[in-house]
Amino acid sequence: MRPSQIMRSGGDSPIGKYGKYLGGWGNLGSQTQRGIIHYGLSANAQRPLAGTLNAAIFNTWRRFSHQVLYFAPPLILGYVAMNWAIERNEYLNSKEGRLEFGEEE
């Protein structure tokens, strides 16, 4: 059986397991709170992703531009050294390279 609205309003009538209806959350029999202001915004009015695409592009560029001098020079140096080593290996294993450096081994 569902209690009526009058019984739910805090009367002394026994209701439920503990004998009394305590009220909703925040109304458990203590003094009423004063000076507390609650603000709310409808879920339809919120824009949780407002500006994220724009901020992501500019933030990514800002972070990249501050870090590029730390990783670009070693990366370029490694690429140039590897390219030189590959070309040198191909030359040494070619016919001309073997004729030039063949008697040193």
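How each quantity is defined
- Here the residue numbering is sequential within each chain, running from 1 through the sequence in written order.
- In view of the model being predicted, local features appear only for residues whose pLDDT reaches at least 70, and side-chain atom pairs are presented and counted only at 80 or more, with totals across whole chains, interfaces and linings using the full set of residues.
- Side-chain measures were taken over the full set of non-hydrogen atoms in the model, leaving aside hydrogen atoms and water.
- UniProt positions are given in the numbering used here, feature names are shortened, and annotations may be inferred rather than shown by experiment.
- Only DSSP runs of H or I reaching four residues or more are called helices, and only runs of E reaching two or more are called strands; each is numbered from the N terminus.
- Any pair of N or O atoms that falls within 3.5 Å is considered a polar contact. Within protein, one atom must be able to donate a hydrogen and the other to accept it, and sequence-neighbouring residues count only if both atoms are side-chain atoms.
- Working definition: a ring pair exists when centres of Phe, Tyr or Trp rings (six-membered ring for Trp) sit within 6.5 Å. Plane angles under 30 degrees give stacked, over 60 give edge-to-face, the rest tilted.
- Burial classes follow relative accessibility: with a 1.4 Å probe on protein chains only, a residue under 20% of its type's maximum area counts as buried, one over 50% as exposed, and anything between as partly exposed.

In the annotation of an unreviewed UniProt entry, the entry for the protein chain reads Cytochrome b-c1 complex subunit 8, and the organism field reads Hyaloscypha bicolor E. Recorded under Sequence similarities (unreviewed entry), the UniProt text for the protein chain is reproduced unchanged: "Belongs to the UQCRQ/QCR8 family."

In this section: the environment of Arg62. Considering the arrangement of structural elements, one finds Arg62 in helix 2 (residues 52–92). Polar side-chain contacts of Arg62 include one of 2.5 Å to the side chain of Asn59.

For the rest of this paragraph, the subject is the packing of aromatic side chains. The geometry of an aromatic ring pair is captured by two quantities: the separation of the ring centres and the angle between the planes. With the rule as written, the count across this model stands at two aromatic pairs. Ring centres of Trp61 and Phe64 lie 5.8 Å apart, and the angle between their planes is 40°; on these two criteria the pair is classed as tilted. Taken together, the positions of Trp61 and Phe64, both in helix 2 and three residues apart, correspond to about one turn of that helix. Here Phe64 falls in the partly exposed class, since its relative accessible area comes to 38%. A connected cluster of aromatic rings, assembled from ring pairs, spans Trp61, Phe64 and Phe71.

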